[in-house]
Amino acid sequence: MRTLLPTWSEWKPAFRAPGADLMAGLVVALVALPLALGFGISSGLGAAAGLATAIIAGVVAAIFGGSRFQVSGPTGAMTVVLVPIVAAHGATGVLAVGLMAGIVLVALAFAGVGRAVRYMPAPVIEGFTAGIAVVIALQQFPSALGIAHAEGEKVWQSAFDAVRRFIDAPSVATPVTALVVAVVILIGGRYLPKLPFALIAVAVATGAAALFDMDLTRIGTIPSGLAAPSLSFLHPNELGSLIGPALAVAALAALESLLSATAADSMCVGTRHNPDRELLGQGLANIAAPLFGGVPATGAIARTAVNVRSGARTRLAALTHAVLLAAIIYLAAPLVADIPLAALAGVLLATTVRMVETAALIAIARASRADAIIMLVTFAVTVALDLVTAVAVGVGIAVALALRSVAREARLEQVPLDESDHLAEEHDLLRDHIVAYRIDGPLFFAAAHRFLLELAEVADVKVVILRMSKITALDTTGALVLKDAISKLEHRHITVLLSGLRADHQRRLTAIGALPAGGSESVFANTREAIDHARRYLPLSGPPITRRPLTAETDTPAITEVREQALTQIPG
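These numbers come from a predicted model, not from an experiment.

**Student:** Explain unusual backbone geometry to me, using residue names and the numbers behind them.
**Tutor:** Even without glycine at this site, His493 takes up a positive phi of about 60°. Residue placement: His493 occurs in the loop between helix H21 (476-491) and strand E7 (495-499).

**Student:** Break down a positive patch on the surface for me, citing the residues and quoting the values.
**Tutor:** On the surface, Lys12, Arg16, Arg68 and Arg313 cluster together to form a positively charged patch. As for its position among the elements, Lys12 is in helix H1 (residues 12-16). Overall, Lys12 belongs to the partly exposed group, its relative accessible area being 39%.

**Student:** With reference to specific residues and values, describe the environment of Gly66.
**Tutor:** Along the polypeptide, Gly66 turns up in the loop between helix H3 (47-64) and strand E1 (72-73). You can call Gly66 buried: its relative accessible area is 9%. Separated by 63 residues in the primary sequence, Gly66 and Thr3 place their C-alpha atoms 9.6 Å from one another. Aside from chain neighbours lying at most four places away, what touches Gly66 is His273, Asn274, Arg277, Glu278 and Arg315.

**Student:** Could you give me a rundown of helix H17 (residues 369-384), with the residues and numbers involved?
**Tutor:** In this model, H17 (16 residues) spans 22 Å end to end at C-alpha, consistent with the 22 Å of a helix rising 1.5 Å per residue. Those residues of H17 that sit buried are Ala372, Ile374, Met375, Thr378, Val381, Thr382 and Val383.

**Student:** Which residues make up the nonpolar core, and what values do they have?
**Tutor:** In terms of nonpolar packing, the biggest core is built from 101 residues, with Leu33, Phe128, Ile219, Ile222 and Met355 touching the most fellow members. Once you skip the residues sitting within four places of it in the chain, Met355 turns out to touch Thr129, Ile132, Ala133, Ile136, Met267, Ile301, Ala305 and Arg309.

**Student:** Explain the pattern of salt bridges to me, using residue names and the numbers behind them.
**Tutor:** Applying the stated criterion across every chain, the model contains eight salt bridges. A salt bridge links Glu10 to Arg277, with the nearest nitrogen and oxygen atoms 2.6 Å apart. Taken together, the residues span a long stretch of sequence, with Glu10 in the segment before H1 and Arg277 in helix H12 (residues 275-288) at a distance of 267 residues. With respect to burial, Glu10 and Arg277 carry one shared label: buried. Of the charged contacts in the structure, one is a salt bridge between Arg315 and Glu10, with a shortest N-O distance of 3.5 Å. Of the two residues, Arg315 is situated in the loop between helix H13 (301-309) and helix H14 (316-336) and Glu10 in the segment before H1; the sequence distance between them amounts to 305 residues. Overlapping salt bridges bring together Asp161, Arg164, Arg165 and Asp168 as one network.

**Student:** I'd love a proper account of the pairing of strand E5 (residues 463-467), names of residues and values included.
**Tutor:** In terms of burial, E5 is largely enclosed, as five of its five residues are buried. Alternating positions in E5 separate into two faces, Val463, Ile465 and Arg467 on one and Val464 and Leu466 on the other, with burial throughout. Of the strand pairs in this sheet, strand E4 (residues 434-443) and E5 are connected by five bridges, and their pairing is parallel. Note that in E5 the partner of Val435 across the bridge is Val464. Judged from the five bridges that link them, E5 and E7 form a sheet pairing that is parallel. Considered in E7, the bridge of Ile465 is made with Leu497.

**Student:** I'd love a proper account of the environment of Ala436, names of residues and values included.
**Tutor:** When you line up the elements, Ala436 lands in strand E4. Judged by its relative accessible area of 3%, Ala436 falls in the buried class. Linking Ala436 and Leu497, residues 61 residues apart in sequence, is a C-alpha distance of 9.3 Å.

**Student:** A description of the side chain of Arg277 should follow, citing residues and the corresponding values.
**Tutor:** We classify Arg277 as buried; its relative accessible area is 5%. There is a polar contact of 3.2 Å between the side chain of Arg277 and the backbone oxygen of Ile63.

**Student:** Residues and numbers for the pairing of E4, please.
**Tutor:** Of all ten residues in E4, ten are buried, a share of seventy percent or more. The sheet contact formed by E4 and strand E6 (residues 471-474) spans three bridges and is parallel. Bridging across to E6, Pro442 finds its partner in Ala473.

About the thresholds
- Residues numbered from 1 in each chain as written.
- Predicted model: local features only at pLDDT ≥ 70, side-chain atom pairs only at ≥ 80, totals over all residues.
- Heavy atoms only, no water.
- Helix = DSSP H or I, 4+ residues; strand = E, 2+ residues; numbered from the N terminus.
- Patch = residues over 30% accessible without salt bridge, like charges linked within 9 Å, V, L, I, M, F, W, Y side chains within 5 Å.
- Areas by Shrake-Rupley, 256 points an atom, 1.4 Å probe, with all protein chains shown as cover.
- Salt bridge = Lys/Arg side-chain N within 4 Å of Asp/Glu carboxyl O.
- Lys, Arg positive; Asp, Glu negative; His and termini not counted.
- Charge placed at Lys NZ, Arg CZ, Asp CG, Glu CD.
- Buried < 20%, exposed > 50% of the residue type's maximum accessible area, 1.4 Å probe, protein only.
- Contact = heavy atoms within 4.5 Å.
- Expected span 1.5 Å × (residues − 1).
- Core = buried A, V, L, I, M, F, W, Y, C linked by side-chain atoms within 4.5 Å.
- Pairing = 2+ DSSP bridges.
- Polar contact = N/O pair within 3.5 Å; in protein donor to acceptor, adjacent residues only side chain to side chain.

Laid out in structure tokens, this is it:
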């Protein structure tokens, strides 16, 4: 419980030197204001709902969240999920979904689910971070080109439509404004990183637009306050129908927030967020926001990146952003309304350039072909589809490649018992028609069938001893395949003995009936006992056999013919 609650120690640096955090919070507030308005309108609940979410969720998540850089509020991904809920259940349904999703997130936090993000592969993180940077840049195309209503369901589609319409009716002032602001921030931040170039550039652009009466699209009218929501009780049947949407909202909020916090960590040195506490903060934020008429919130990657790149040091920056948003709508709405959207687009374009860690991308691309594929696929799906799909695809590919790599570690080798005298020991075993095989590594679903093919190569023997002590993992699929292999050997009148079998593996094999015909009597503590048992109780007389190497690649026509000839010589 203590690890999930705020502590005074994390706020001490903020109050000792608050300047950098206050300035970063101001820059983020200016960037977040039009986004909050736009996402509120897009969700169907109105601009005031977007502002309420940015303010209330921003304050709660900044205090209780697990990342000191995370900025929370309404996001485009969440808007896509909310639109059908508004259509089906109205504003009250959205508020109920937000509350329910918040409760789910709090439960996930106490269950420790957030720690699973630590196992996210690095190529996936770098791929979606680079993809998000491109998505944010594409989102700025309409504002940077002065196109009011670009069409397209996906970001790249609306960006393409904005470019097409700009070419039909070009206007130099708007793109130049965005470009100049971005260049000033990038160059100024490189040589004078302590100066707030984002704020300076936005202020100068706003003043120039007013002075020269440039025809630039402005933020426009801002609500001068937050109206209390009109809450009404839902019918129990309707509330039950909202469970599915609430779980979807909770899953999206958890994933997007944790990935945003992870991306913030990757942009800083020596920082690491608390994932379970981040889920708690987002859960409390989503419980609080609907009480003020807000839509469900998540950690916002674009605003978080602006926060980091604007010099934020502590949680005070995210808290300042929310407080300033409240102050703006009550005190300075007319002034902020004149800020050109192109200037804010320039701020975000500069942020996207600084989000991408080129050195990390190059290092991962050079590390291995598999890592490069994972990173590129995650990047492409992020840009073409959405973040959630990209992470699912990237992690899926990473898991498949990891399983293939682990499966290759499983080996079946014919080995002598006494390592001090390989030839003599092996000759004695072969003369008695005994073959001992050691299974190394994991025997699970990804490696089991290859194991069966290799074990099927055994011929000219009467006893096969499987040395099981080196098996690191045995799942049900591996146990079933082992059962199949033992049955095939016993069908050919070959006795199978097991040695060095772990207790948990023996319980699994016993449960599914995978032990040899002798049951537990066929299981021995070590290989020496198994060989002594075979020599003592089984008829093993006969000429010595010739050892043939056993590999997965020996199944050629010539080898097949030799194997079939050998099988016809086995008695019975």
